[in-house]
Amino acid sequence: MRVHGETGRRGGTGRAADAAMPWAAARRAARELGARSGPVPAVREPLAAALDAALADDLIARIPLPPFDASAMDGYAVCGPGPWALRGQILAGRPSDIDLRPGEAAEIATGARVPTGTTAVLPYERSEVRDASLHGAIESGRHVRWRGEELAEGSVVLPAGQTVTPAVLGLAASLAHDDLAVRRPRVAAFVSGDELVDDGVPAVGAVRDAIGPMLEGLVRWGGGTLASRERIGDGFAAMVSALGGAAGASVVVVCGASSAGPADHLRGALAELGASVVVDGVRCRPGHPQLLGHLGPPSAPGTLVVGLPGNPNAALVAALTLLVPLLRALAGRPPADPGLAAGCLVEGDVRPHERDTRLVAVRVEQGRARPVGHDGPAVLRGAALADAFAVIPPDWRGPDARLMWLPR
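Residues numbered from 1 in each chain as written. Predicted model: local features only at pLDDT ≥ 70, side-chain atom pairs only at ≥ 80, totals over all residues. Heavy atoms only, no water.

Considerations on the confidence of the model for the protein chain
Thinking step 1. When the pLDDT values of the protein chain are averaged, the result is 90; 95% of them are 70 or greater.
Thinking step 2. Looking at the elements of the protein chain, mean pLDDT is at its lowest for strand S24 (residues 340-346), recorded as 84, and at its highest for strand S4 (residues 59-60), recorded as 98.
Thinking step 3. Counted against residues more than four places away or in other chains, residues 1-14, with its pLDDT under 50, gives 46 contacts. (pLDDT = per-residue confidence, 0-100. Helix = DSSP H or I, 4+ residues; strand = E, 2+ residues; numbered from the N terminus. Contact = heavy atoms within 4.5 Å.)

Focus: the packing of helix H3 (residues 211-221) against helix H6 (residues 312-330)
Between two packed helices, what matters for the description is the angle formed by their axes and the separation of those axes.
Thinking step 1. One can describe the packing of H3 onto H6 by two numbers: an axis separation of 10 Å at closest approach and a directional angle of 25°. Between H3 and H6, the angle is such that the two are roughly parallel. Judged by the twist between their axes, the crossing of H3 over H6 is right-handed. Residues Ile211, Met214, Leu218, Val219 and Trp221 of H3 form the contact with H6, whose participating residues are Pro312, Ala315, Leu316, Ala319, Leu320, Leu323, Val324 and Leu327.
Thinking step 2. When its residues are assigned to classes, the contact of H3 with H6 shows 13 nonpolar, no polar and no charged. (Axes fitted to C-alpha atoms, helices over the stretch in contact; angles between N-to-C directions. Parallel < 35°, antiparallel > 145°, perpendicular 65-115°, else oblique. Left-handed = near helix turned anticlockwise from the far one by under 90°. Nonpolar A, V, L, I, M, F, W, Y, C, P; charged D, E, K, R; others polar.)

Quick look at H6
Thinking step 1. With 19 residues, H6 extends 25 Å from end C-alpha to end C-alpha; this agrees with the ideal 27 Å at 1.5 Å per step.
Thinking step 2. In the structure, H6 departs most strongly from a straight axis at Ala319, where the bend amounts to approximately 40°.
Thinking step 3. Count one or two residues on from H6 and you reach Gly332, which has phi positive near 80°. (Expected span 1.5 Å × (residues − 1). Bend = angle between axes of the 7 residues up to and from the residue.)

Details of the sheet that holds strand S2 (residues 43-46)
Thinking step 1. Sheet architecture is open: three strands sit in the order S2-S14-S3, paired in antiparallel fashion. In this open sheet, the two strands that pair with only one neighbour each are S2 and strand S3 (54-55).
Thinking step 2. The pairing of S3 with strand S14 (residues 179-183) spans two bridges and is antiparallel. Bridging across to S14, Ala54 finds its partner in Arg183. (Pairing = 2+ DSSP bridges.)

See below:
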């Protein structure tokens, strides 16, 4: 975890100071590299496991919705004009041999299959039973969910690329799906830093790892799965070995070795492996020393590599800048970026940087974004308090700014 990561101090990597890419261009580059390299192969997952992945195929209705003519209210299924003679009771999920003829009705529960001959359902609150007859005013077809009125069998319900949300899972289940074909890029993460510890109160000179614990949520936010997370030491050979041995992963994330210090070996290891670098630094604050590349030559991308800074908040910004757009493209999600919102009024003393895009932690209430502070590169307190980062480019004049939403 390099506290010098935001200073731009040169190390032995040979990275030029002016090689950094504008923030918006870096996000586009990540998306384009992912689109060129993907989509990753589809896998079938049971519904319970498919959450947050991207649909690999269109979601098709295996059955009509509703699957049968059903009552939308508790009340009475009626046939023809009233008054009606009562014929019995029909409950949801229970068999019934009642068929209605004109002038007949049956008490019915919500969700129960309406009997043959039903004209409408008369709700309890609009009905009256007197002299052994049912009375009330109806509209033909009212309060009945007719078979297939929402979706016909075989119809396309959702397009490929749609994110599987809890609502999508429920919809898929209602359409008789037990599993879904999804795309979920596999990510291998390597956290470097001899000073890092994973538990307890760190000794003097040691630091708790704050990046590793947030990686799984960030990867899932992008639609991937964190297949592995390993600690590696601050050595060139260890970095080369980690990158070269990450077979089976679509993306390798390296945390804490993308700056220019004497222990930052990611660029050197990529050069050793003949890799191609697409983004070498991003003009944003925090998060400047981030990297995007891939093993193999420019014309044939192999395993993709994302380098995150060692400072936790800088790593968060870098992950949202490069990793999340990359994963979304690999999963075949639509080009539109739901992580970015249109202009929002920014309150408070917010000033642009002369050269870099600022990512300012904000709370959003009633269409207004207010900075929460505590958002330096090494501190996650601001991000923990915030709903989003306000995107403040160098030429920003306010008062509106785009928002980059934080994972929830």
